[in-house]
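Working through the structure, step by step
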Amino acid sequence: MNDKRPVPPLGKPRPLKLPSVAERTLDNGLRVQAVRRPGVPLAELRLRVPFAGPSGKSGRAFTAQASLLGDTLLSGTDKRDAAELAADLQSLGAQLSASTDADRLGFGGSVLVDGLPGLLQLLGEVLTGASYPKREVVGERDRLVQELAIYRSQAAVVAREALLRRLYGDHPYGRELPAAEEVDDVKPTHLRSLHAKRVVPAGSILTVVGDLSPSKAINLVEAALGDWTATSKAVDTPKLPTTPKAPALLLDRPGAVQTTMRLAASAPSRSSDDYAAFSLVNLVFGGYFSSRWVANIREDKGYTYSPHAQVEHPPAGSRVTVSADVSTPTTAAALLETHYELGRVATTPVSQGELDQARRYAIGTLALGTSSQAGLASTLSQLAGAGLGIDYLRDYPKQLAAVTVEDALAAGSRYLAPNRLTTVLVGDVAEVEGPLRTLIDLELE
């Protein structure tokens, strides 16, 4: 039996008391923000180093080197080998990880508050003296080449790579994964050179959240990382190209029992005036389990198991990606219903009840995501990368509360109209091409 009980009226957001925060830019250009979060005797740190590569062939080589740099950054320093570094982290009860993406080199760490000076010292040692031993680099290089082959055997990876190329071309965002042949060419000397040129404090942001005073946290950072210097500045992500209008792309996967369907378009950034309205109308469309799209193609028709419309916020430009893996015989029907639901939120108002339910979910998700020290540290680091501060955590719920049905319609019309989205499908061409061509212009590759 369907539960048709009305959703209670949405109350006013509770006033949010922001935690104590301090910020300072050190003499070496490193920006540090520290937040006190009492209750658990832990400290979380997040470091963002802008790390975007160039476009074109040199950009492809950069992506390979950057990927391997992130994998081997913690494999030893000029003072400790990998085993000694791991043992010293363990003795502190600390965790430290490193990774790269199209925008940044990122570090994440956690430790008991008493061990924060030691963790910062080890982080500083990695930043200034990572050694990239040949044995470790060669081993990680071989592993990454094998891993890439596995990744690219998966339809979801094939579809995402094709979608990003379609959206961004030779821009760094168009090559999320490196080419195996480019990885094979990387040598330890390449990584040492890249580290010296690009792992720099000026333009980088370190976030610390823990049960200690913000000023003390910043002083600890300055003592440990004040000697991290470089003659160059961090490199920001290039401006995004204009996405050309193109037919939907269909990639052949003979014998596939399902079609991987991906649609994407630019979306407003967190700082845009209409972001709150867009966020809510996207939730109503397909951004959470109670959405119209999920109800349509999963609950009602059974075409797929887990459709989702996700908003991503890379610094150069946000995007919304509509994803579903549908059974092969229902491919065209699923795409038709997807266009139908996109068209509905772009041309007709959502109901007040739908808007209020989405609003409740968005406010609750933000509160839940920042309820832990780790969640707060990650959120603040992401916001800092977008030029936003801790005030966003207070202001955004207010913006969500102010969104009207008319605001949601305007945002849906601007961002979610079906003709705005770039489409990529991976499936059995022999089975799905004919039905798809009755709906859309199609290009095969």
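Let me begin by describing the structure that accompanies this report. Only a predicted model underlies this, so the values are computations on that prediction, with no experimental measurement involved. (Residues numbered from 1 in each chain as written. Predicted model: local features only at pLDDT ≥ 70, side-chain atom pairs only at ≥ 80, totals over all residues. Heavy atoms only, no water.)

Points about the sheet that holds strand E2 (residues 31-36)
Within the open sheet, the six strands sit side by side as E1-E2-E6-E3-E5-E4. Their pairing is mixed. The open sheet is flanked by strand E1 (21-25) and strand E4 (95-100), the only strands paired with a single partner. Across the sheet, the mean angle from the axis of one strand to that of its neighbour is 10°, orientation sign disregarded. Sheet analysis places E1 next to E2, joined by five bridges and oriented antiparallel. Residue pairing in the sheet places Glu-23 in a bridge with Gln-33 of E2. Against the sheet, helix H8 (residues 214-225) touches E1, E2 and strand E6 (205-210), its axis set at about 30° to E1. (Pairing = 2+ DSSP bridges. Helix = DSSP H or I, 4+ residues; strand = E, 2+ residues; numbered from the N terminus. Axes fitted to C-alpha atoms, helices over the stretch in contact; angles between N-to-C directions. Contact = heavy atoms within 4.5 Å.)

Points about the environment of Ala-98
Structurally, Ala-98 can be placed in strand E4. When its relative accessible area of 19% is taken as the criterion, Ala-98 is described as buried. Along the sequence, Ala-98 and Arg-46 sit 52 residues apart, while their C-alpha atoms lie 9.9 Å from each other. Among residues more than four places away in sequence, those in contact with Ala-98 are Gly-70, Leu-73, Leu-74, Gly-106 and Phe-107. (Buried < 20%, exposed > 50% of the residue type's maximum accessible area, 1.4 Å probe, protein only.)

Here we look at helix H2 (residues 82-92)
For H2, the side-chain oxygen to backbone nitrogen distance between the N-cap and Ala-83 is 3.2 Å, and the N-cap itself is Asp-81. Two residues or fewer after H2 comes Gly-93, characterised by a positive phi angle close to 70°. (Polar contact = N/O pair within 3.5 Å; in protein donor to acceptor, adjacent residues only side chain to side chain.)

Some thoughts on the sheet that holds strand E8 (residues 258-267)
Either a parallel or an antiparallel arrangement is found when strands of a sheet pair, and the pairing is made through backbone hydrogen bonds. With mixed pairing, the six strands of this open sheet are ordered in space as E9-E10-E8-E11-E7-E12. Each of the sheet's edge strands pairs with one partner strand only, and the pair in question is strand E9 (308-312) and strand E12 (442-444). On average, each strand axis in the sheet is inclined to that of its neighbour by 20°, with strand direction left out of account. Two elements, E8 and strand E11 (residues 422-427), share five bridges in a ladder whose sense is antiparallel. From the neighbouring strand, Thr-260 faces E11, where its bridge partner is Val-426. Strands E8, strand E10 (318-327) and E11 of the sheet are contacted by helix H11 (residues 331-347), whose axis makes an angle of about 25° with E8.

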